[in-house]
Amino acid sequence: MNGPVKSLTCLALLGAQALGHMTFPDCVGGPEILTSNLVCNTSASPAERAAALISAWNITEKLANLVDKSQGAARLGLGAYDWWNEALHGVAWSPGVVFAPTGEFSHATSFASPILLSAAFDDDLVHAVAEAISTEARAFSNFGHAGLDYWTPNINPYKDPRWGRGSETPGEDPFRIKGYVKALIDGFQGKENITKVIATCKHYAAYDLEYWGGIKRYEFDAIVGMQDLVEYYLPPFQQCARDSKVKSIMCSYNAVNGTPACASTYLMETVLRDFWEWNDENQYITSDCNAILNFHEDHNYTTTAAQSAAISLISGTDTICEVGSNTDVAGAWNQTLLPEKVIDQALRRLYEGLIRAGYFDPLEATPYRTLTWKDVNTPENQALAVRSAAEGIVLKKNDGVLPLKVDNATSVALIGFWADGSNSAMLGGYSGIPPFIRGPLQAAQKLGFRTANATGPVKQNASDTDTWTEAALEAANKSDIVVYFGGNDMTVEAEELDRFSIAWPSAQLALIDRLSKLGKPFIVVELGDQNDDSSLLEDDNVSAIVWAGFPGQDGGTAIFDVLTGKTAPAGRLPTTLYPSEYVNQVPMTDMSLRPSDKNPGRTYKWYEKAVLPFGFGLHYTTFQPSFGPDAFAGRTYNISELLSSCNAKYLDLCPFETVGISVKNTGNVTSDFVALAFLSGEYGPAPYPIKELAAYARVRDIKPGEAKDAELGLTLGDLARVDERGNTVLYPGTYNFLLDVPTQANVSFELVGESKVLIEFPQPPADLGEGNGHEKYTPK
C-alpha cells in the first residue's frame, strides 16, 4: 500500500478516503435492467453471470470501474465498491473499511502480527485466527462497513533484517510461509460454494525493499536469477495460486529484471495464469497502490499515464489501485491504446470474484450473510487473540528467573516505552481499532503484583537529552524484579521505513546497561523485529530475554502468561538473528541468497554466523526429541520407482514418507514443543545449503516425564532442489534428516538412480513484458 501505518490517527485519515458504506445490489427490488440480467440468476455459473453483467455496461461505466474506488453503475442499481480493504491481523483501517464512531462496528479484534503468529509453528492456530478474522470481516461487510475482498496476506519472504515490513510476513523461510499461507487462505475464504471473503496474496514478486540507500521501492529493479526466483521468492505464491486457489493476487511496486511487476506478462500470464493454472475461476490481479503511476514517474517504462494504464491491463492487471486520481484509463481508451476486450476481461474477473462471494445473491442463499455485530470481538476471539501472541513468544535466554512466581508480595518495575499500554505500539502495522489495548502494566496489576512504572526511549541516541533514566532507576530501585519493555515500534520499522541499523537503539541499550547493573533479577522483553542481542546474551546481569513481536490488543496478558508460566514458552524464531555488522556486508538491493565475495549469504540456509539461528527457542523444561525406530533406517529409494508410483497432478506433491517422532519431556514443567525437521546433504547443484526446513509440527501439553508421538510428512518436492534454470529436480545422494535447533537427532537415507525434473519451469523472454505490445507505448 502507499504509506506507512504509523498511528491510529494516520489510519483514521486514510479511512476518511472511503467511498462510503458498501451496499449489496438488490436483485429483487432493483431496476429491471438489473433484476432481469443473468447476474441475478443464482443457477447460472459465476462466469456466465459476470459476462452478462459486464455486457450491460456502456464504455463510460466500464472505465469508471477499473480502479480500486469503483463507481458502480447507478443505471443498473450498482453502488460504488471500494476494493481496498485490509485485514492483516484483524479488520483494519483502509479506504474500504468504515469503523463507526461508537457502538456497533466501532472496533474489531486485533490479533498478533503475522511474524509472531508464525513463530508458534502451528497451522491450526493460523487457521483459527484466519477464521475469526474472516468472520468479523464478513460481519462488517454484511452491514456495509467493508467490502468482500481483503488485501492480505503479505507473503514476501523476509530475507533482509532491515526490511521495514518484515513483521507483516510469516518470516524468512518459504516452506514455513507455504504452510502458513495454506492455513490462512483456507480460513479466510472458507470451503463453502460461496467465498467467505476474498483473500489477496501480495506482493508479487521479489518485493522486500522500502527505501534504502537512496533507492525507493517505486523505482527499484530487483535483479533476480532464475534459481533464486523459483527457489525462494515464488514458492509462497505458487502455494497461493496453484495449490490454495486464492481468489486474488497483488502485483508489486518494484520491477523484476527490468520490467515493472504489474507490466510483466511473464510473471502474470506465463507463470501465474498459465503455468500455475490460476485461471479456473477467472481470478483477478490488483496493482499495489500507485504502482501503475510508477511506470512513468519512477521506472521510466512508459511516458504517459494513459500508456501506463493500458500496458498494465493488457499485461494482466485487472484493477488499478490509486492514491488520489492519477490513472488515465479514459485516456488509454480514447487514444486506442486499450482494447475493449481487455477491459471486459478485467471487469469479468473482478465481478466474478464478487459473484462467488454472494454479492448479487439473496440473503438466504449465502451462509455468511447471517453474521452480525454479535460475531465481532466475541469472548472466544478475545481468548484467541491472547493465544495468537502467547504461543509464538520466544524465550531467548533464561538463567532460571522465569517463570515468575505470582504473589502480591512481589514488586515489579515495568520500564519502557510500551510498558503501560498507553499507546498502540503493541498492535503493529495494518491495524484497526481494537476494543481495548491491555499492556504489561495492566496485566501485572491484574495478577496482583505490586508495580512501579516508568517510560523509556524508543529510537533516541545515547547522546540525546535524557528524560527517562532518572525515573526508570527510581522505579527499579524500589522493586524486587525489573522488566524492561523495549525494542522497535513503527517509528523504527514500517512501510516506507527500512532500517539502516539492526543494533539496539543506543539510548535503549544505555538504559538497559544501567538497569542491569542494579543487581536485581532483570528481564528484557522485545517488541517488533529482531535487534542484535549479542551484548544482552553475554551479560550475566541480564537474567532473561523474551521476544514478543507485535502481540496485539491483549499483548500484556499474553506476555505475563508466558513470564509467569501460565503458558510455557514454545515459540521458535521465524527469522535469523544477525549480528549488527551484517548490514555493512551486503546491500539490501542484492537479491541473491547464496554467499559470494560480495554477500555473506542470506537466511539460515546460507549464513552461518547468526547470533541466534532460525528456529531457536528455549523452554521452561527440557525435551528429548527422537526419531521412531523405523525412521528411514538407512533406507535406499530409487527415484524412478518413487515417481512411477505417484498419481499426483504435480510431481512435487507426490508423497514420500511419513516419519514418526517421539518427544519426551525430561524436565518438570508441562509444555508444548515445536518439532522442526531439516534436510541437508551434498546433492544437487553446488553450493549446498547448510540445511532446509522440510517439516514441522507443534506437539501440545507434554507433561513432565511423558513422551508424545507425532508424525512429519514429506513430499518429493520437500526433497528436491532448484537448478540454475529454475527447474525443480529430485537428485540422487545421501539425505540427512535433522531434528530440532540445535540438532538433537538425525537419520539418513539415500536416493539412487538418475535425477528427475519434477517441475520444468517456463523460461523468461529477454523482455518480461514481451507480448503485451509495449513497443506501442514509446517507453523511454
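Note that the coordinates shown come from a computational prediction; the quantities given were computed from them, not determined experimentally.

1. Some words on the side chain of Ser680
- With respect to the helices and strands, Ser680 occurs in strand S21 (residues 671–680).
- For Ser680, a relative accessible area of 11% translates into the label buried.
- Setting aside residues no more than four positions away along its own chain, Ser680 makes contact with Ile690, Lys691, Thr734, Tyr735, Asn736 and Leu738.

2. Points about the state of the cysteines
- Inspection of every chain in the model, using the stated rule, returns five disulfides.
- The side chain of Cys201 participates in a disulfide bridge whose partner is Cys240; the two sulfur atoms lie 2.0 Å from each other. Sign of the S-S torsion, about -75° for the bond between Cys201 and Cys240, identifies this disulfide as left-handed. Of this pair, Cys201 sits in strand S4 (residues 198–204) while Cys240 sits in helix H9 (residues 235–243), and the two are 39 residues apart along the sequence. Note on accessibility: Cys201 and Cys240 belong to one class, buried.
- Between the sulfur of Cys251 and that of Cys262 lies a disulfide, 2.1 Å long from S to S. In this structure the cystine formed by Cys251 and Cys262 twists about its S-S bond by roughly 110°; its chirality is therefore right-handed.

3. Side note on H9
- The buried fraction of H9 is high, at eight of nine residues.
- Taken residue by residue, H9 has Pro235, Pro236, Phe237, Gln238, Gln239, Cys240, Ala241 and Arg242 as its buried positions.
- For H9, the elements touching its buried residues are helix H7 (174–189), S4, helix H8 (226–233), strand S8 (248–251), helix H10 (265–275) and strand S28 (756–759).
- Of the residues trailing H9, Lys245 is marked for its positive phi of about 50°.

4. Digging into the layout of surface pockets
- Roughly 840 Å³ of volume is contained in the largest pocket.
- Forming the walls of the largest pocket are 34 residues, and the residues nearest its centre are Phe175, Lys178, Thr715, Gly717 and Asp718.
- Elements supplying a minimum of two residues to the lining of the largest pocket: H7, H8, H9, helix H21 (603–606), strand S22 (692–702), strand S23 (707–715), helix H23 (716–719) and strand S24 (721–722).
- The element best represented in the lining of the largest pocket is H7, accounting for seven residues.
- Taken together, the residues of the lining of the largest pocket sort by class into 15 nonpolar, seven polar and 12 charged.

5. Details of the sheet that holds strand S13 (residues 411–415)
- If you walk across this open sheet you meet the six strands as S12-S17-S16-S15-S13-S14, and the pairing is mixed. Sheet topology places strand S12 (394–398) and strand S14 (450–454) at the edges, where each strand pairs with a single neighbour. Going across the sheet, the axis of each strand differs from the next one's by a mean of 15°, ignoring polarity.
- When S13 meets strand S15 (residues 481–487), the two strands line up parallel, connected through four bridges. Across the sheet, residue Leu414 finds its bridge partner in S15, namely Val483.
- Against the sheet, helix H16 (residues 440–447) makes contact with S13, S14 and S15, and its axis sits at roughly 165° relative to S14, the strand it touches most.
- Against the sheet, helix H17 (residues 469–477) contacts S13, S14 and S15, and its axis sits at roughly 170° relative to S14.

6. What to know about the pairing of S4
- Burial within S4 is extensive, with seven of its seven residues counted as buried.
- Handedness of the crossover joining strand S3 (residues 149–150) and S4 through H7 is recorded here as right-handed.
- One ladder, built from three bridges, connects S4 with S8; its direction is parallel. Paired with Cys201 across the bridge in S8 is Ile249.

7. A few points about the packing of helix H6 (residues 123–142) against helix H15 (residues 379–390)
- It is at 11 Å that the axes of H6 and H15 come closest, and there the two elements cross at 140°. One element, H6, and the other, H15, form an angle in the oblique class. Like other packed secondary-structure pairs, H6 and H15 cross with a definite hand, here left-handed. For the pair formed by H6 and H15, the contact residues are Leu125, Ala128, Val129, Ala132 and Glu136 on the first element and Asn381, Leu384, Arg387 and Ser388 on the second.
- Grouping the constituent residues of the contact of H6 with H15 by class yields five nonpolar, two polar and two charged.

8. Remarks on the sheet that holds S24
- Pairing within the open sheet is antiparallel, and its three strands lie in the order S24-S25-S28. Of all strands in the sheet, those bounded by a partner on one side alone are S24 and S28.
- Strand direction decides the pairing type here: S24 and strand S25 (residues 728–730), joined by two bridges, are antiparallel. Each bridged residue has a counterpart across the sheet, and for Arg721 the counterpart in S25 is Val729.

9. Some remarks on the pattern of salt bridges
- By the definition in use, this model includes 43 salt bridges.
- Here Arg594 and Asp228 are joined by a salt bridge, their closest N and O atoms 2.9 Å apart. Within this pair, whereas Arg594 is found in the loop between helix H20 (555–563) and H21, its partner Asp228 is found in helix H8, the two being separated by 366 residues in sequence.
- Taking the relative accessible area as the measure of exposure, Arg594 reaches 12% and is therefore buried.
- Across the pair Arg572 and Asp740 runs a salt bridge, and its minimum N-O distance is 2.9 Å. With Arg572 in the loop between H20 and H21 and Asp740 in the loop between strand S26 (733–739) and strand S27 (745–752), this pair connects stretches of sequence that are 168 residues apart.
- For Arg572, a relative accessible area of 1% translates into the label buried.

The rules we used
- Along each chain, the written sequence defines residue order, and numbers are assigned to residues from 1.
- pLDDT decides what is reported in this predicted model: residues at 70 or higher carry local features, side-chain atom pairs at 80 or more are listed and counted, and totals for whole chains, interfaces and linings draw on all residues regardless.
- As a rule here, side-chain values come from all non-hydrogen atoms in the structure, and water together with hydrogens is ignored.
- Each helix is a run of H or I in the DSSP string that is no shorter than four residues. Each strand is a run of E no shorter than two, and both are numbered from the N terminus.
- For the exposure calls, accessible area comes from a 1.4 Å probe over protein chains only, and a residue counts as buried if that area is under 20% of its type's maximum, exposed if over 50%, partly exposed in between.
- The criterion used for residue contact is that any of the two residues' heavy atoms lie within 4.5 Å.
- To count as a disulfide, a pair of cysteine sulfur atoms needs to be within 2.5 Å.
- Here the term cavity refers to a set of points on a 1 Å grid, laid over the protein atoms alone, in which a 1.4 Å probe fits but cannot get out; the term pocket refers to an open set having protein on both sides within 12 Å along at least five of seven lines, with lining residues being those that place an atom within 4 Å of a point.
- Grid points are joined across faces, edges and corners, and a volume is the space filled by probe spheres set on the points.
- Amino acid classes used here: Ala, Val, Leu, Ile, Met, Phe, Trp, Tyr, Cys and Pro are nonpolar; Asp, Glu, Lys and Arg are charged; the rest, including Gly, are polar.
- A pair of strands is considered paired only if DSSP assigns at least 2 bridges between the two.
- Here the axes come from fitting lines to C-alpha atoms, over the contacting stretch only for helices, and the angles between their N-to-C directions go from 0 to 180 degrees.
- The definition of a right-handed crossover adopted here requires that, viewed with the strands pointing away, the path from the first strand over the helix to the second runs clockwise.
- Should an angle fall under 35 degrees it is taken as roughly parallel, and over 145 as roughly antiparallel, whereas 65 to 115 is taken as roughly perpendicular and any remaining angle as oblique.
- What makes a crossing left-handed is the near helix being turned counterclockwise from the far one by less than a right angle; a clockwise turn instead makes it right-handed.
- Should a side-chain nitrogen of Lys or Arg be within 4 Å of a carboxyl oxygen of Asp or Glu, the pair is scored as a salt bridge.

Honestly, it's all geometry; don't read function into it.
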